[in-house]
Amino acid sequence: MISITKDDIDIEAMIERAKKPNIGAIVIFLGTVRDNGIASLELEAFEEVALRDLQTINDSAVHLYHLQSVDIIHRTGKLSVGDSILLIICGAKHRQEAFAGCEFILEKIKEHVPIWKKEIRTDGHRWIEGDHT
Amino acid sequence: MRVKVRTFARLRELFGKESFLNIPEGSTITKAIEVMCSTVDEGRKEIFNDDGSLKSYFILIMNGQRISLQDANSILLRDGDDIALFPPVSGG
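Parameters and conventions
- Residues numbered from 1 in each chain as written.
- Chains lettered and ligands numbered in written order.
- Predicted model: local features only at pLDDT ≥ 70, side-chain atom pairs only at ≥ 80, totals over all residues.
- Contact = placed C-beta atoms within 7 Å.
- Helix = DSSP H or I, 4+ residues; strand = E, 2+ residues; numbered from the N terminus.
- Nonpolar A, V, L, I, M, F, W, Y, C, P; charged D, E, K, R; others polar.
- Buried ≥ 20, exposed ≤ 12 C-beta atoms within 10 Å, placed from the backbone.
- Pairing = 2+ DSSP bridges.
- Axes fitted to C-alpha atoms, helices over the stretch in contact; angles between N-to-C directions.
- Parallel < 35°, antiparallel > 145°, perpendicular 65-115°, else oblique.
- Left-handed = near helix turned anticlockwise from the far one by under 90°.

Visitor: Tell me about the interface of chain A and chain B, and please be specific about residues and values.
Guide: With 22 residues of chain A at the interface, the matching set in chain B holds 14 residues. Only α2 (47-65), α3 (95-112), β7 (115-121) and β8 (124-128) of chain A provide two or more residues apiece to the side of chain A that touches chain B. Top element by residues in the side of chain A that touches chain B is α3(A). It accounts for 4 residues. Its residues assigned to classes, the side of chain A that touches chain B comprises 11 nonpolar, 5 polar and 6 charged.

Below is the structure:
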């Protein structure tokens, strides 16, 4: 499943869905909103391009790391400290592929997919921008 | 001709989510962005370097496809084209 949603993620249901007879390892990444003095976090996406990019990343990861299953769910909208931002679940025959595939997907999302975070603080807000170099 | 320019994140707060611009036939992407910038005080300074080039960290998409900023000066727009301009991403 590849999805961008404002809704909360049912993580346990997603993990259960990932369990299959041909899968020996499931690696899960869950990004959450960290308390670094913020009141909340807002996420915005260029959704049509972001979904296409996520699919491309998924396809690359499956090919490179022989993954048996991939789920990527990225949230948008207003989130509070502790809320889930991004869920990646990679299923593979073996753990090495699952770990490597999950890391690949995460780094590609951070590098490439048009989604942005805005930190909301009591004294104003700040858009987080990726590396300018 | 009429083209759409969409912006995101801090650019959206400055220029609005989308602008429909009437520009001359044969205009480049750069020209369309210049027209968008002219609608906002300090808009040009936000997007362009002093030498008139687009600041190198912006990302440009035309009709759903990523476009190099260098090509923004040479690609000629057509009626109905859809341009998106945004800062470096921060998802994940």
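Next comes the rest of the description.
Visitor: I'd like a rundown of the pairing of strand β1 (residues 2-7) of chain B, residues and numbers included.
Guide: Residues and elements named next belong to chain B. Of the two faces of β1, only one is covered, namely that formed by Val3, Val5 and Thr7; the face formed by Arg2, Lys4 and Arg6 stays uncovered. Sheet topology places β1 next to strand β2 (residues 18-22); 5 bridges connect them, and they run antiparallel. Within β2, the residue paired with valine 5 across the bridge is serine 19. One ladder, built from 4 bridges, connects β1 with strand β5 (residues 82-86); its direction is parallel. Of the residues in β5, the one forming a bridge with lysine 4 is aspartate 82.

Visitor: How would you sum up the sheet that holds strand β5 (residues 77-79) of chain A? Please name residues and give values.
Guide: All names here are of chain A. Pairing is antiparallel in the open sheet, where 4 strands are placed in the order β5-β3-β7-β8. Unpaired on one side and paired on the other, β5 and β8 mark the two borders of the sheet. When the angles between neighbouring strand axes are averaged without regard to direction, this sheet yields 25 degrees. Sheet topology places β7 next to β8; 5 bridges connect them, and they run antiparallel. Looking at β8, one finds that isoleucine 120 is bridged to histidine 125.

Visitor: Talk me through the environment of A:Ile89; I want residue IDs and the actual numbers.
Guide: Tracing the backbone shows A:Ile89 in strand β6 (residues 84-92). Its 23 C-beta neighbours within 10 Å are what place A:Ile89 among the buried residues.

Visitor: Explain the packing of α2(A) against α3(A) residue by residue, including any values.
Guide: Residues and elements named next belong to chain A. Contact pair α2 / α3: the axes reach a minimum separation of 10 Å and the direction vectors enclose 150 degrees. Here α3 runs roughly antiparallel to α2, going by the angle between their axes. Considering how the two elements wind past one another, α2 and α3 form a crossing that is right-handed. The segment α2 lies against α3, with Asp53, Ile57, Ala61, Leu64 and Tyr65 engaging Glu97, Ala100, Gly101, Phe104, Ile105, Lys108, Ile109 and His112. Residues of the contact of α2 with α3, tallied by class, amount to 8 nonpolar, 2 polar and 3 charged.

Visitor: So what about the environment of A:Phe46? Which residues, and what values?
Guide: With respect to the helices and strands, A:Phe46 occurs in the loop between β3 (40-45) and α2. Along the primary structure A:Phe46 and A:Pro114 are separated by 68 residues, whereas in three dimensions their C-alpha atoms are 5.6 Å apart. Ignoring anything within four residues of it in the chain, the contact list for A:Phe46 reads A:Pro114, B:Phe8, B:Ala84 and B:Phe86.

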